[in-house]
Structures are given as structure tokens and as C-alpha cells.
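Breakdown of the fold
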Amino acid sequence: MALAKRVIPCLDVKDGKVVKGIEFVGLKDIGHPPSLAERYSLEGADEITFLDIAASQEARGTTRNLVKETAERVFVPLTVGGGIRAADDVHAALLAGADKVSMNSAAVHHPELISESARRYGRQCVVVAIDAKKTDLGWEVFVKGGKEPTGIDAIEWAKKAESLGAGEILLTSIDADGTKNGFNIPLTKAIVEETNIPVVASGGCGCIDDIYQVFDKTDCSAALAASIFHYNECTVKDVHDYLRERGIEVR
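Scoring rules and cut-offs
- Residues numbered from 1 in each chain as written.
- Predicted model: local features only at pLDDT ≥ 70, side-chain atom pairs only at ≥ 80, totals over all residues.
- Heavy atoms only, no water.
- Phe/Tyr/Trp six-rings, centres within 6.5 Å; stacked < 30°, edge-to-face > 60°.
- Helix = DSSP H or I, 4+ residues; strand = E, 2+ residues; numbered from the N terminus.
- Buried < 20%, exposed > 50% of the residue type's maximum accessible area, 1.4 Å probe, protein only.
- Lys NZ or Arg CZ within 6 Å of the ring centre and 35° of its normal.
- Arc of directions from axis to C-beta.
- Contact = heavy atoms within 4.5 Å.
- Salt bridge = Lys/Arg side-chain N within 4 Å of Asp/Glu carboxyl O.

Across all of its chains, the model carries 1 aromatic pair by this definition. Aromatic side chains Tyr40 and Phe229 sit 6.0 Å apart centroid to centroid with 55 degrees between the ring planes, which places their arrangement in the tilted category. Here the residue Tyr40 occupies a position in helix α1 (residues 33-42), and Phe229 occupies one in helix α9 (residues 227-230), the gap between them amounting to 189 residues. By relative accessible area, which is 0% here, Phe229 ends up buried. Here the basic side chain of Lys133 rests over the ring of Phe142, its NZ or CZ set 5.7 Å away from the ring centre. Here the basic side chain of Lys134 rests over the ring of Trp139, its NZ or CZ set 4.4 Å away from the ring centre.

Turning to helix α2 (residues 64-72), a few remarks are in order. Here α2 has its buried residues at Leu66, Val67, Thr70 and Ala71. Buried residues along α2 cover an arc of 135 degrees about the axis, so they all sit on one side. Turned more than 90 degrees away from the buried face of α2, the exposed residues are Asn65 and Glu72. As for α2, its buried residues are in contact with β1 (6-14), α1, β4 (48-52), β5 (78-81) and α3 (87-96).

This next bit is on the pattern of salt bridges. In total, this model carries 21 salt bridges according to the counting rule given. When the shortest N-O distance is used, the salt bridge between Lys237 and Asp241 registers 2.8 Å. Of this pair, Lys237 and Asp241 are both found in helix α10 (residues 236-245), 4 residues apart, which corresponds to roughly one turn of the helix. Within the structure, one salt-bridge network assembled from shared partners comprises Arg6, Glu47, Lys100 and Glu168.

Turning our attention to the side chain of Arg6. Take Arg6: it is sitting in strand β1. Accessibility expressed as a relative area gives 5% for Arg6, which makes it buried.

Considering the arrangement of structural elements, one finds Lys100 in strand β6 (residues 100-103). Here Lys100 is in contact with Arg6, Glu47, Leu78, Thr79, Val80, Gln124, Cys125, Val127 and Glu168, once residues within four sequence places are set aside.

Mapped onto the elements, Leu36 comes out in helix α1. Sequence separation between Leu36 and Cys10 is 26 residues, and the spatial gap between their C-alpha atoms is 9.8 Å. Not counting chain neighbours up to four residues away, the residues in contact with Leu36 comprise Leu11, Val18, Ile30, Gly31 and His230.

Before going further, it helps to spend a moment on α10. Along α10, the residues classified as buried are Val236, Val239, His240, Tyr242 and Leu243. Along the axis of α10, the buried positions cluster into a sector of 165 degrees, meaning they face one direction only. On the buried face of α10, the contacting elements are β1, α8 (208-217) and α9. With its phi angle positive at about 85 degrees, Gly247 sits one or two positions after the end of α10.

Here you go:
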């Protein structure tokens with residue numbers, strides 16, 4: 001039996017505020033992370049993702065106090081990422097209230113971080129975030145908030161991350177991010193078909209139907225969205241209802 005699909009509001013956090021941009025640039029302030037997280041939790045979010053998007057660029061850890069305050073106000077699983085550079089950072093995020101910890105730049109540069117974190121805390125809480133962009137190489141992995149190309153193929157990296165102990169892939173299409181033109185179906189489908197762990201599709205959601213389309217056309221486990229929730233275009237309950245009406249099993 002297929003697992004129920006998850007709908008996950010995302011909080012991209014910079015300077016203590018939730019922000020939203022297009023293709024990772026042109027950021028606008030949206031609001032206070034704990035307040036927004038609490039609202040989405042009450043509206044029926046299956047999970048919430050909190051990403052400190054400037055931590056890697058600024059070479060610092062995630063804003064722990066803000067994570068703690070956010071975790072105290074939600075009653076659904078919380079994934080936290082940004083600035084995770086060592087297994088001790090994973091531990092600190094879990095202590096602050098995270099249920100899962102997302103790693104991106106550091107995992108690319110130090111893949112042993114994935115295996116060490118999985119060994120110490122269990123692979124169920126290790127999420128490897130992959131920011132991919134179409135280049136001459138195919139779908140290339142980018143790090144440092146989508147600013148730095150790595151020369152690494154996204155599909156090969158997803159397979160390697162799984163083999164090292166990742167329990168989930170958070171896959172963001174940089175090309176689609178913030179465009180509201182829909183998820184990157186070909187990229188998502190390719191990663192899902194080459195791995196055996198849950199894949200969260202991210203980047204490009206502009207309406208409820210985009211979430212339906214990514215579930216209908218790929219076997220991803222979850223869809224992550226920001227703008228449609230931040231700008232009150234719909235609630236998570238609206239999304240759940242829409243999906244159920246079209247035969248998609250949700251939580």
C-alpha cells in the first residue's frame with residue numbers, strides 16, 4: 001500500500017524573518033517564523049520545514065533560539081536545516097526541537113557527515129537537501145544557497161547520499177524556485193526513480209493543482225510549498241481536500 005502523501009509548508013529564514021524570493025534571489029520579508037509555523041500547524045500541515053538559508057553563506061550555525069521557539073509552537077514534525085556543518089550541529093538542532101535535520105553544502109563537501117549523523121542519531125532524522133539546476137552537465141548540484149556550482153550530477157549525488165545513510169531527500173529545483181510555474185516534474189521523477197528513500201519535491205509551486213500534478217506524475221512522498229501559504233492563497237486543509245477529491249491519499 002502506498003504511503004499517504006505529505007504537504008509541507010516551508011519557512012526560508014534570514015535575519016530572523018521568513019523570506020521568499022525567485023530562483024533564490026530577490027528576497028522579501030514574510031513574517032515571524034514561530035508565528036507562521038504555529039499557523040500552519042493549526043491549519044493541518046503534515047510537517048514544517050525551517051531552513052536558515054543564509055547560514056552556509058555566512059559560515060555560521062542555524063539560529064538555535066528561533067528553532068527552539070518554533071518547535072515549541074508546532075505539533076507536527078519539524079525539519080531544520082541551514083548551517084549544519086558537523087554531527088554536533090545535528091545534535092544541537094535535535095536538542096532545540098527538530099525531528100529531522102537537513103544538510104546540504106556540508107554534506108557535499110564532507111559526505112562522511114551523512115554516515116556519521118545516521119550512525120549517531122538514526123537515518124530517519126537525516127535529510128540530504130539537493131539544490132539542482134539545469135546546466136551543460138545535466139542537473140547539477142549547487143551549494144551555498146544555490147550560488148556555487150559543484151560539477152556534481154544531482155541524480156548520482158542522490159544515490160550516493162542514500163547509500164551513505166540519508167533517510168530522505170529534499171529536492172529543490174533552482175530553475176523552478178519561486179517562479180510559481182509548477183514543480184520540476186522531470187527532475188523529481190528522475191531522482192525518485194533512482195532512489196529508494198522518500199523524496200520531497202520543492203521549488204515552483206504556484207497553486208494547489210501544482211501539488212496534485214507532482215503527486216500524480218511522480219512517486220515523490222511529499223510536496224513542499226511556501227508562497228501559496230505565505231500569501232494566504234490557500235490553506236493546507238484546502239490542499240488536502242483538493243488532493244482527496246482527485247484520489248490522492250493524504251495524511
